[in-house]
Structure formats: structure tokens, C-alpha cells
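Residue-level structure breakdown
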Amino acid sequence: MTGGTPVAGETLPGAGDDGDDGADRVVCHVDMDCFYASCERLRHPDLAGEPVVVGMGYEPGESIGAVATASYEARAFGVDSAMPISEALELLPRRADADPDDPDAPDPAETGRYLPVDLDFYEEVASEVKAVLRDCADTRREVSIDEAYLDVTDRTSWAVAGDDPDDPPPSGAAGPSEARTLAEGYARHVKDRIEREAGVPASVGVAPNMSAAKVASDADKPDGLVVVPPGSVAEFLAPLPTADVHGVGPVTEETLADLGIETAGDLAAADRDRLAEELGERGPELSRRAAGDDDREVTPTGLPKSLSRESALPTTADEATKRETVTALAADVARRARERGCLYRTIGIKAVEPPFDVNTRARSLPGPVDDPDLVEEVALDLLGEFDETRVRKLGVRVSKLDFAETDQATLGGFEAAGDDGDRERRGGRERRGDSERRSGRERGGAGDGGKLTDWVDGPPDRGDGEEPTAERDRRDADEGQASLGDWG
DNA sequence: TCTGGGGTCCTAGGACCC
DNA sequence: TCTGGGGTCCTAGGACCC
């Protein structure tokens with residue numbers, strides 16, 4: 001896109017009522033364009049300009065799996081995210097199936113390139129994007145592998161470019177409608193750096209709050225930059241369909257339509273008590289967002305709340321098959337929990353009956369554990385209720401995660417004692433897990449000895465007086481960031 | 001539509017406690 | 001034993017997002 005940057009609405013004098021007067025934030029939402037497909041193009045330049053479909057669960061030559069990402073060229077054929085590969089292939093045949101000697105073969109111009117998901121590679125690219133974001137904003141929230149919010153209030157402002165930033169025009173009202181704000185220049189800088197340094201395109205939305213920035217980044221994809229200055233947020237959102245508001249899905253959209261609410265403007269103006277009746281607390285909140293009113297701070301992503309694995313299988317009632325599947329999923333979830341250094345206190349399963357009937361069962365333990373055998377045992381026990389049931393998908397999940405506990409085990413057994421290798425570390429952790437399993441309730445008791453007390457005076461090997469809790473918190477934060485990429 | 005996998009948050013009802 | 005009220009935890013399900 002080479003056209004001018006769309007600036008949503010003009011700032012009308014006296015209309016600056018969206019946010020806190022004089023305290024307008026500058027929030028960017030960075031959304032990578034068809035990220036997986038862009039990553040594939042990065043390493044396969046011949047894919048440039050081609051319809052590209054990246055499928056999860058897809059294997060070359062097969063028609064299983066679902067579309068994870070479709071390039072915009074592929075979307076032009078109707079291929080879309082979450083679509084079964086088999087359906088995508090009908091809309092857009094595989095290039096490999098185009099054979100010039102076969103009159104029945106598809107026209108190569110109407111075919112696309114299909115590739116399986118390679119998350120490890122996408123995470124490498126994502127980490128380069130994140131490096132740019134870290135450089136451009138101190139306050140960030142990374143939402144997924146390809147999306148982040150930045151609060152850049154302290155790096156730029158809503159002042160009009162060319163004017164003295166220390167003396168912005170009142171309400172930004174002066175100047176021609178195409179006046180560029182400093183915020184726009186900064187957002188372009190971020191966008192250009194991502195493209196230059198990570199090699200993949202992004203769309204960026206800039207607004208005084210998160211939800212408007214999110215909508216803005218979506219408004220001109222791909223390769224978009226949409227700026228919504230304070231005072232014009234409500235006006236920018238008003239004509240959009242309710243489904244464009246973050247948090248409005250198909251069900252809510254339908255409910256709203258039944259109330260005669262079709263646009264964000266309708267939603268903003270709707271009776272919020274009525275919305276609360278229909279939608280619960282979410283209703284009024286969505287209405288506020290639609291009105292351009294969202295005071296959520298950009299806060300870093302925390303540690304995960306749950307870890308799960310699930311997998312689809314040909315619909316079956318066979319008990320042995322189901323138990324095998326759950327056993328494998330349980331082992332995998334337990335392994336990932338251990339890798340991330342967390343204990344869990346609740347173990348659950350999911351069993352999906354055709355067509356899409358989701359059943360969940362969960363059991364909480366007396367205390368947090370790291371115990372793969374127990375995950376399997378509990379999961380299989382919960383599965384017992386579905387022995388007769390035909391299922392098409394099974395899942396295993398651990399929740400009520402506890403990171404602090406293992407951190408202490410890690411620090412005590414690993415860092416402080418020196419690197420004794422992974423085996424030793426795991427052994428220590430397992431022993432700890434077992435003891436927790438027997439006496440999980442000991443946790444939280446004040447001054448009951450144990451590792452916490454050992455730390456009160458500082459790490460055993462270090463006399464530098466560094467405050468141990470602060471150190472642990474920092475590790476927590478780092479771990480949260482580092483693991484982000486795994487949840488695309 | 002015959003939907004893949006990994007998450008988050010919210011709600012409602014029941015158990016249990018004071 | 002009944003009645004009332006408040007709070008917390010747990011489980012199950014639903015909606016939504018990427």
C-alpha cells in the first residue's frame with residue numbers, strides 16, 4: 001500500500017471527550033499480517049505474491065488438517081482461517097496438482113502453495129519482531145505470537161508534527177485534516193523497523209486506548225497504518241459492524257442484532273442496563289468500548305493459567321483407543337509443565353462428542369504437584385465417565401498453576417548448588433513434587449520452615465545482599481515473556 | 001460449515017463454613 | 001430444627017480470541 005495514511009475522522013473542536021483530558025495515552029496495536037505465511041515467504045522468496053496456505057495438522061500431499069493462515073492472495077479464493085484443508089483445496093487446488101499435460105488438471109494460475117505449520121521457525125522470526133518492540137516501547141503486552149500492544153506515551157505524543165511538541169495546539173484541533181501527529185510518525189517508525197529487521201509485514205493501529213488501537217490495526221490490513229487521534233475515537237468506531245468490536249463474536253453479534261443493534265455506534269448508544277440483562281457484565285463493557293471508552297492499562301502478559309493438549313481423532317467409542325490417546329496427551333502436558341517449571345493443582349479432561357458437544361471434567365488435588373503419573377491416573381479416571389461415549393476429540397489440561405514453588409526448587413537445587421545437570425535437577429523436583437502431594441496444605445503456613453526460610457537471608461551462595469524475592473519476581477517475568485511464543 | 005489446537009475470562013449452581 | 005445472610009471454593013459450561 002502506497003497511498004496516504006488513513007486518518008480516521010478529523011478532530012473536531014470541543015469533541016475531545018473520549019479520554020482523560022490532558023492525559024491522552026498513545027497506544028499502538030501491532031498485528032503481523034498472515035504471520036505464518038509471511039514467515040514462509042521469508043525463507044522461500046519464490047512464494048512472494050503467490051497464494052500460500054499454511055495448514056496445521058497438514059501433511060504434504062494429504063487433505064487433512066485445518067488452515068492456520070492463508071495469505072491475502074489465497075483469501076481472494078475464499079480460503080480462510082480455521083477452514084478444513086479439504087475445503088480449501090476445493091477453492092484453491094494445490095500447485096503440485098497442476099499438470100500442463102493433463103487437461104483435467106487445474107490451471108496453475110488458480111492454484112496455491114500448501115505448507116505445514118513450522119512453529120519453531122515462526123518463533124524465531126517472532127523473537128526478532130519482539131526485539132524491535134522491546135526497543136520501541138518499555139510498556140508492552142504480547143498477546144500472541146503475532147500480536148502486541150505498546151504504550152508509547154512516553155516516547156511520542158498526539159501533537160501535530162512540525163509544531164513544538166511542548167506546545168501542542170489546543171485539543172489538537174488546529175491544522176488541516178491531513179496533519180500528521182508525532183504518534184503517527186512513531187508508529188510508522190515501529191512498523192518500518194519490523195519490516196526491515198524481522199523481514200515480515202505488520203499492520204499497526206494507533207489510538208488513545210487498547211480497544212480502539214486493536215480495531216484500528218484491523219481496519220486497513222494488510223500493511224496498514226491507521227491512526228485514530230483522541231477525540232475522534234467514537235466517530236471512527238460508530239459505522240463499524242458490532243462484530244468488529246473486540247469481544248463480540250458470532251453469538252453476541254446475533255444477540256445484539258435481535259436488539260436492533262447493528263453497528264458499534266448503536267452499541268455505544270444502547271441502554272446499558274438492557275445490555276446487562278441480555279449479556280451480563282460484558283454487555284455494558286462492550287458498549288463502553290464501542291463508545292471509545294477503555295481505560296485498561298497496557299500490562300505485560302502474566303504467567304499462564306493453564307496448560308493443555310488436545311487432539312482430534314476419527315470418531316470412536318473404542319475404550320482402548322481413547323485411553324491410549326489420553327495417556328499420550330497427559331504425558332505431554334506433564335512434560336510441558338515440568339519444562340516450564342510449574343506445579344499444578346487441578347487436572348482435567350475434555351471429551352468432544354460429535355458434532356461439537358464439549359464435555360469437561362476436572363479434579364483438584366489437596367496441593368500443587370509435578371507428577372506425570374498422577375496426571376495420567378487422574379485423566380484416565382475422569383475419562384471413565386465417557387467409556388461408552390463416541391468422541392471425536394480428547395484433551396488433557398492442568399490448571400491452578402503454581403510457578404513460585406518450582407522456582408524455589410529450581411533455585412535451591414540448581415542455581416545455588418551449581419549446574420548438576422538436568423537429571424539431578426529433575427530428581428530434586430520430583431522429590432519435591434511427591435512431598436507436596438502428601439502435604440500440600442503446608443504451603444502458605446507462615447514460618448513453617450522449608451526452602452522459603454532458607455532464602456530469607458539471601459541465596460546460599462551469594463552474600464551480595466540482593467533481595468531474593470525481587471530476584472524471583474524478575475525471573476517470573478522473564479519466564480513469562482520467554483514462553484509467550486509457544487502459544488500461537 | 002461437519003471446525004484444529006492452545007489459551008482467557010465469565011457465570012451459575014452446589015458444597016461447605018461461619 | 002428452621003431461617004437468613006455472606007463468603008469461598010469447586011466444577012461445568014459457554015463465549016471469545018489468535
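Residues numbered from 1 in each chain as written. Chains lettered and ligands numbered in written order. Predicted model: local features only at pLDDT ≥ 70, side-chain atom pairs only at ≥ 80, totals over all residues. Heavy atoms only, no water.

Defined as follows: UniProt positions are given in the numbering used here, feature names are shortened, and annotations may be inferred rather than shown by experiment.
Chain A is annotated in an unreviewed UniProt entry as DNA polymerase IV of Halorubrum tropicale. Recorded under Catalytic activity (unreviewed entry), the UniProt text for chain A is reproduced unchanged: "DNA(n) + a 2'-deoxyribonucleoside 5'-triphosphate = DNA(n+1) + diphosphate". Turning to chain A, the UniProt record has this under Subcellular location (unreviewed entry): "Cytoplasm".

Considering the UniProt feature "active site" (unreviewed entry) in chain A
Worth spelling out the cut-off: Helix and strand labels come from DSSP, where a helix needs a run of H or I of at least four residues and a strand needs a run of E of at least two; each type is numbered from the N terminus. Here the term buried applies to any residue with accessible area under 20% of the maximum for its type, exposed to any over 50%, and partly exposed to those in between, with areas from a 1.4 Å probe on protein chains only.
According to UniProt, the positions carrying the feature "active site" (unreviewed entry) are Glu147. Note on placement: Glu147 falls in strand S6 (residues 147-151). Its relative accessible area of 15% is what places Glu147 among the buried residues.

Thoughts on the protein's contact with DNA strand B
Here is the rule: Near, as used in this document, describes a residue that has one of its heavy atoms within 4 Å of the molecule or strand being considered. Nitrogen and oxygen atoms within 3.5 Å of one another constitute a polar contact, given that in protein one can donate a hydrogen and the other can accept it, and given that sequence-neighbouring residues count only through two side-chain atoms.
The immediate surroundings of DNA strand B are formed by 20 residues, with Met56, Lys305, Ser308, Glu310 and Arg336 found nearest. Restricting the count to atoms of DNA strand B within 4 Å of the protein gives a sugar and phosphate share of 81%. At 2.7 Å from a phosphate oxygen of DNA strand B is found a main-chain nitrogen or oxygen belonging to Ser308. Take Glu310: an N or O atom from its main chain is 2.4 Å from a phosphate oxygen of DNA strand B.

What to know about unusual backbone geometry
Between Lys221 and the following residue, Pro222, the backbone shows a cis peptide bond with an omega angle of -5°. Among the structural elements, Pro222 can be located in the loop between helix H6 (210-218) and strand S8 (225-227). Cis peptide bonds are those with omega within 30 degrees of zero, and the linkage from Pro354 to Pro355 qualifies with 0°. Within the secondary structure layout, Pro355 lies in the loop between strand S10 (344-353) and strand S11 (357-369). The backbone of Ala82 shows a phi angle near 75°, a positive value even though the residue is not glycine.

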